[in-house]
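# Remarks on the overall topology
The chain contents come next:
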Amino acid sequence: MKIAIIGTGYVGLVSGVCLSDFGHTVVCVDKSEAKIAQLNSGKVPIYEPGLDVLLAKNASAGRLSFTTRLSDAVDGAEAVFVAVGTPSRRGDGHADLSYVFAAAEDVAKALTGYAVVVTKSTVPVGTNRKVAEIIHTANPEAEFDVASNPEFLREGAAIEDFMRPNRVVIGVEAGRAQEILAQICRPLFLRDFPIVYTGLESAELIKYAANAFLATKISFINEISALCERVGADVKAVAKGIGLDGRIGSKFLHAGPGYGGSCFPKDTLALARIGQEHAVPQRITETVIAVNDGVKRRMIEKAVNLCGGSVAGRKIAVLGVTFKPNTDDMREAPSLTIVPAMIGAGAKVHVVDPQGRREGEALLPGVTWEDDAYSAASEADLVIVLTEWNEYRALDLAKLAQAMSTPQMADFRNIYDRETAMNARPR
Ligand code: UDX
């Protein structure tokens, strides 16, 4: 089956590569000539473990290709996946749908026969019906149905999530479209991964509700963590103690410097706006957002307190700046709030990250980039563990402390045992 994917961002690219690995013929489209040239030469513009190998394998098998010409991709395709960006609209937090609607119009004009137009981008309730209207208006002759197929992949584990999903959600109303999508997902179905067929609105809302729920767990444990600190409890023990209850579950209960990334901040904000728009305020989600903003402020206060009330003139080493490990993505990373606050307060900030420098250089002006944790920590007054890359999970704490001016660590990811860390300080 021929499939077109519009947009070679994170979701589009991973989906395109994985669908071609299922044996489908996939043509990915992007407006950026530079990106398409890069992809055609086998280079992956993002850091995602394993993606380059899978891309090369399927491209050389002739199942996967990249083009800037949307009409070539859509011509003869039975399914067209729209995977363009839906960033937060500046100022109001609504999802910006201009790319989705523009793609729908372009697809409408390029359709040559029946196709199901599937929205993979995260879009507010009602968008798929609007997409159908746009296609119909732009090309009244077009034979098509729309479907919603939200993507739940995590950066850094995207291929695993695509190939072994907890579930696949498909919002679809027409039998013909459902059949095509069932055929596309057949390899997953054969491997017993559940597929949830539902209506368009439900599928659209499932994505937001899933992300808001996970963000809620994180904000919940981050608030509990603040209380733990005040009363002398250990948040890791509390998380373990509650997570072992199967109704709660142990995942997404790691306290940290606040959630970031391309999904949780944007989607919680969009869900809150959707609720307000429909006069059904999503008060829990609104609070989750406020708590997350507060967590980052609390981390800044912690660092300042560790430096005796002021970071002016102090050297601070920050280990990890991406929003989580195994990605080069800096979107909404806690570092983007915490590091500028330190610099604004007069600190000399030295940072290190295995993948973050390329994007981070422009986003974190005024920092000094280092090659490894120990050189970042040299003569420092404080080390902040901000992103839990493997490289920072098993540091030689004695060596680190030895290199520092004042051996202090703010372990914002709760990796190290407090007593072990304290004992590693020079005597
Ligand atoms: C998330 C969802 O997991 C995925 O299903 C959805 O499609 C897109 O958004 P992603 O943004 O790649 O994926 O990262 P994820 O691993 O979920 O982490 C999101 C943020 O939450 C990170 O900043 C992470 O550090 C933070 N987090 C996660 C915590 O602070 N504590 C946790 O226990 C888990």
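Just so it is clear, the model here is predicted, and its values are computed rather than measured.

Glancing now at the nonpolar core. Looking at soluble globular proteins, one finds that nonpolar side chains tend to be buried together. Within the largest apolar cluster, 43 residues are counted, with the highest numbers of intra-cluster contacts made by Leu19, Phe81 and Val116. With 6 residues, the single largest contributor to this core is helix H1 (residues 10–21). Beyond its immediate stretch of four places on either side in the chain, Val116 contacts Glu78, Ala79, Val80, Asp145, Val146, Ala147, Ala177, Ile180 and Leu181. Of all hydrophobic cores here, the second largest spans 35 residues; its members include Val80, Ile134, Phe144 and Ala212.

Assigned domains of the chain: these are domain 1 (2–198) and domain 2 (213–423). In this structure, domain 1 and domain 2 have C-alpha centres spaced 33 Å apart. Facing 16 residues of domain 1, the contacting portion of domain 2 comprises 18 residues. Between domain 1 and domain 2, roughly 1400 Å² of surface is buried when both sides are summed, and carbon and sulfur atoms account for 51% of that area.

A word on the pairing of strand S4 (residues 79–82). Residue alternation in S4 divides its side chains into two sets, Ala79 and Phe81 and Val80 and Val82, and both sets are buried. Note: strand S1 (residues 2–6) against S4, 4 bridges, orientation parallel. Of the residues in S4, the one forming a bridge with Ile3 is Ala79. Bridging between S4 and strand S5 (residues 115–119) involves 4 bridges; their strand directions are parallel. Among the inter-strand pairings, Val80 is bridged to a residue of S5, identified as Val117. Once you follow S4 into helix H5 (residues 98–110) and on to S5, the crossover reads as right-handed.

Take the site of the ligand next. In the neighbourhood of the ligand, 18 residues make up the surrounding shell, with Phe152, Glu155, His254, Gly260 and Cys263 lying closest. The backbone of Leu153 places a nitrogen or oxygen atom 3.2 Å from an oxygen atom of the ligand. In isolation the ligand exposes 650 Å². Once the protein is present, 92% of that is buried. In terms of residues, the shell around the ligand owes the most to one element, helix H10 (residues 200–231), which gives 3 residues. Structurally, the shell around the ligand is a two-domain feature, drawing no fewer than three residues from each of domain 1 (2–198) and domain 2 (213–423).

Our next topic: the layout of surface pockets. Each pocket or cavity is described by its volume, and for the second largest pocket that value is around 1100 Å³. In terms of lining, the second largest pocket is formed by 34 residues, of which the most central are Met409, Asp411, Asn414, Tyr416 and Arg418. When residues of the lining of the second largest pocket are traced back to their parent elements, those giving at least two are H10, helix H11 (235–243), helix H13 (283–306), helix H17 (397–403), strand S13 (409–411) and helix H18 (418–423). Counting residues per element, the lining of the second largest pocket draws most heavily on H13, which supplies 5 residues. Grouping the amino acids of the lining of the second largest pocket by side-chain chemistry returns 18 nonpolar, 7 polar and 9 charged.

Attention now goes to the pairing of strand S7 (residues 168–172). Regular strands have side chains that alternate between both faces of the sheet. Counting buried residues in S7 gives 5 out of 5 residues, a clear majority hidden from the surface. Burial along S7 is two-sided: Val168, Ile170 and Val172 and Val169 and Gly171, pointing in opposite directions, are all buried. Strand direction decides the pairing type here: strand S6 (residues 144–148) and S7, joined by 2 bridges, are antiparallel. Bridge pairing in S7 links Ser148 to Gly171. Pairing analysis gives 4 bridges linking S7 to strand S8 (residues 195–198), with the strands arranged parallel. The residue of S8 that forms the bridge with Val169 is Val196.

You can see Phe193 is positioned in the loop between helix H9 (186–190) and S8. Placed 107 residues apart in sequence, Phe193 and Ile300 show a C-alpha to C-alpha distance of 43 Å.

Right, let's talk about the side chain of Glu388 for a bit. Structurally, Glu388 can be placed in the loop between strand S12 (382–385) and H17. With relative accessibility at 18%, the residue Glu388 sits in the buried group. For Glu388, the side chain forms a polar contact with the side chain of Arg413, separated by 3.2 Å. Not counting the four nearest positions on each side in its chain, Glu388 is found in contact with Pro325, Arg393, Arg413 and Ile415.

Rules behind the numbers
- Residues numbered from 1 in each chain as written.
- Predicted model: local features only at pLDDT ≥ 70, side-chain atom pairs only at ≥ 80, totals over all residues.
- Heavy atoms only, no water.
- Core = buried A, V, L, I, M, F, W, Y, C linked by side-chain atoms within 4.5 Å.
- Buried < 20%, exposed > 50% of the residue type's maximum accessible area, 1.4 Å probe, protein only.
- Helix = DSSP H or I, 4+ residues; strand = E, 2+ residues; numbered from the N terminus.
- Contact = heavy atoms within 4.5 Å.
- Domains from an automatic or database assignment.
- Buried area = accessible area lost by both parts, 1.4 Å probe.
- Pairing = 2+ DSSP bridges.
- Right-handed = clockwise from strand over helix to strand, strands pointing away.
- Near = heavy atom within 4 Å.
- Polar contact = N/O pair within 3.5 Å; in protein donor to acceptor, adjacent residues only side chain to side chain.
- Areas by Shrake-Rupley, 256 points an atom, 1.4 Å probe, with all protein chains shown as cover.
- 1 Å grid on protein atoms, 1.4 Å probe; cavity = no way out; pocket = protein on both sides within 12 Å on 5 of 7 lines; lining within 4 Å.
- Points joined across faces, edges and corners; volume = space filled by probe spheres on them.
- Nonpolar A, V, L, I, M, F, W, Y, C, P; charged D, E, K, R; others polar.

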